[in-house]
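Breakdown of the fold
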Amino acid sequence: MSRDVILSLTDVVKHFPVRSSSLRRSRDVVHAVDGISLEVRQGETLGLVGETGCGKSTLARCATRLVDLTSGRVLFQGRDISRMNARQLRPLRREMQMIFQDPYGSLNPKRRVGSIIGDPFAIHGLVSGAERKRRVQELMELVGLNPEHYNRFPAEFSGGQRQRVGVARALALRPKLVVCDEPVSALDVSIQAQVLNLLSDLQQQLGLTYVFISHDLSVVRHVSDRVALMYLGKIVEISPSEQMYARPRHPYAVALLSAVPRPDPRSGRERIILTGDVPSPVNPPSGCRFHPRCPKAQQRCVDEEPALIARDGDDLLHATACHFPVALAEELVHARPAIAEEERVIESELVSAEVLSELRDTADGETR
Ligand code: SF4
């Protein structure tokens, strides 16, 4: 592991058992994260992007050990944290923090923001009294809040200001790694830019490393040095940000990017409409998990899982999990799969709302 790597994941797997509503125990498991390896370097922002339910938030929770791993290894600053218990993890919690999506739900409405921001000091038994108040007010200033609003309640702040409270709380202990889980998706567009700029300024100022999770490719583009695209528990493409947007190679990446609005609508790009829904993570498709929806699918895609590697002509940092990656001048919009219809997704395999809610409940229940 090179010295500037702050976080390293090797073959990380997280499966959640599906609880049955009947007395019979279900043997099914949700394959939320299935064999992911990646590294995050000191001072960079890695964007983790994909549709709802693809496993990106679960992956972040595995990386920060907010949940136990089913298997695999996580190194944080060179230390293996994969099997550490809560007591062993406690000192490391100061170095790894999370900013959550919902600036409304993540703050207790009955507590004053000064006390909320000061929580990490109290939990770790650090500064107290007047010194804690001084440190909290410094943090409020750092994130652009008025320190005189120390005694206000969350309801007295706007959505953007509440997210700033969440940012201040996450930065209280001067972490090295901050996982931002959809930090702007609950905010108005005009406020999103302010919070993104704040995160970027703080990164420069404090030398932070971010893992930035979003379902929105255009948001990730503006903040990330590298982007990893997830589909059904796997990373399907990872590359420096500019390469992902200029020359996506995975058919899923090409399709998602074709839907991102462009400043010039006459630029001639046609939108690629994917058929079908995301299959069930309880019983993911064989071979390439994207094959039931892929316009380029062939028999090999059904039989053999593609490795996540640099493909012909690509930079070594640009890896794609696809047997037949999209070429530069290729028009994916005209491509048609070369596999029989019965190989493609069938209705009963689609993920049910029940399974998704089960996955959420289990993940919440396991969170440390
Ligand atoms: Fe499509 Fe096959 Fe590539 Fe999967 S491996 S993305 S099915 S072409």
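Analysis parameters
- Residues numbered from 1 in each chain as written.
- Predicted model: local features only at pLDDT ≥ 70, side-chain atom pairs only at ≥ 80, totals over all residues.
- Axes fitted to C-alpha atoms, helices over the stretch in contact; angles between N-to-C directions.
- Helix = DSSP H or I, 4+ residues; strand = E, 2+ residues; numbered from the N terminus.
- Parallel < 35°, antiparallel > 145°, perpendicular 65-115°, else oblique.
- Left-handed = near helix turned anticlockwise from the far one by under 90°.
- Contact = placed C-beta atoms within 7 Å.
- Pairing = 2+ DSSP bridges.
- Core = buried A, V, L, I, M, F, W, Y, C linked by C-beta atoms within 7 Å.
- Buried ≥ 20, exposed ≤ 12 C-beta atoms within 10 Å, placed from the backbone.
- Domains from an automatic or database assignment.
- Near = placed C-beta within 6 Å.
- Nonpolar A, V, L, I, M, F, W, Y, C, P; charged D, E, K, R; others polar.
- pLDDT = per-residue confidence, 0-100.

**Some remarks on the packing of helix α6 (residues 159-171) against helix α7 (residues 189-206)**
Where α6 meets α7, the axes come as close as 10 Å, and the angle between the chain directions of the two elements is 20°. Considered as vectors, α6 and α7 are oriented roughly parallel to each other. Crossing hand, α6 versus α7: right-handed. Taking contact as the criterion, the partners of Gly 159, Gly 160, Gln 163, Arg 164, Val 167 and Leu 171 in α6 are, on α7, Ile 191, Gln 194, Val 195, Leu 198 and Leu 202.

**Let's talk about the sheet that holds strand β11 (residues 309-310)**
Strand order in the open sheet formed by eight strands is β6-β7-β8-β3-β9-β10-β12-β11, with mixed pairing between adjacent strands. Bordering the open sheet on either side are β6 (96-99) and β11, each of which pairs with just one other strand. Pairing between β11 and strand β12 (residues 319-320): two bridges, direction antiparallel. For Ala 310, the partnering residue across the bridge sits in β12 and is Ala 319. Set on the sheet, helix α1 (residues 56-63) makes contact with β3 (45-49), β7 (177-181), β8 (209-214) and β9 (226-231); between it and β8 the angle comes to about 155°.

**Observations regarding the nonpolar core**
Grouped together as the largest cluster of nonpolar side chains are 85 residues, with contacts concentrated most on Leu 48, Ile 117, Ala 168, Val 211, Ala 228, Leu 229 and Ile 235. Taken domain by domain, the makeup of this core includes at least three residues from each of domain 1 (107-173) and domain 2 (248-351).

**Notes on the pairing of strand β4 (residues 71-76)**
Pairing of strand β1 (residues 5-17) with β4 involves five bridges; the strand directions are antiparallel. Across the sheet, residue Leu 9 finds its bridge partner in β4, namely Val 74. Linkage of β4 to strand β5 (residues 79-80), two consecutive antiparallel strands, is achieved through a turn of two residues, within which Gln 77 is found at a positive phi near 50°.

**Considerations on the site of the ligand**
Looking at the ligand, there are 13 residues lining it, with Cys 288, His 291, Cys 294, Cys 301 and Cys 322 nearest. Among the residues forming the shell around the ligand, the class breakdown is nine nonpolar, three polar and one charged.

**Observations regarding the confidence of the model for the chain**
Mean pLDDT over the chain: 87, with 88% of residues reaching 70 or higher. Mean pLDDT values over the elements of the chain span from 48, in helix α12 (residues 353-366), up to 98, in β12. Across residues 346-350, where pLDDT falls below 50, the model places seven contacts with residues more than four positions away in sequence or in other chains.

**Topic: the sheet that holds strand β2 (residues 29-41)**
The four strands lie next to each other as β2-β1-β4-β5, forming an open sheet whose pairing is antiparallel. The sheet terminates laterally at β2 and β5, the two strands that pair on one side only. In this structure, β4 lies alongside β5, joined through two bridges in antiparallel fashion. Residue pairing for β5: Leu 75 is matched across the bridge by Asp 80.

**A short note on helix α10 (residues 251-258)**
The element α10 is largely enclosed, with a buried count of seven among its eight residues. Looking at α10, one finds that the buried residues are Pro 251, Tyr 252, Ala 253, Val 254, Ala 255, Leu 256 and Leu 257. Packed against the buried residues of α10 are α8 (217-223), β9, β10 (234-240) and α9 (241-246).

**Thoughts on unusual backbone geometry**
Positive phi, normally seen in glycine, also occurs at Asp 11, with a value near 50°. Within the secondary structure, Asp 11 sits in strand β1. The phi dihedral of Glu 182 falls on the positive side, at around 45°, and the residue is not glycine. Summarising the element assignment, Glu 182 is placed in the loop between β7 and α7. Glu 182 gets classed as partly exposed once you count the C-beta atoms within 10 Å, which come to 19.

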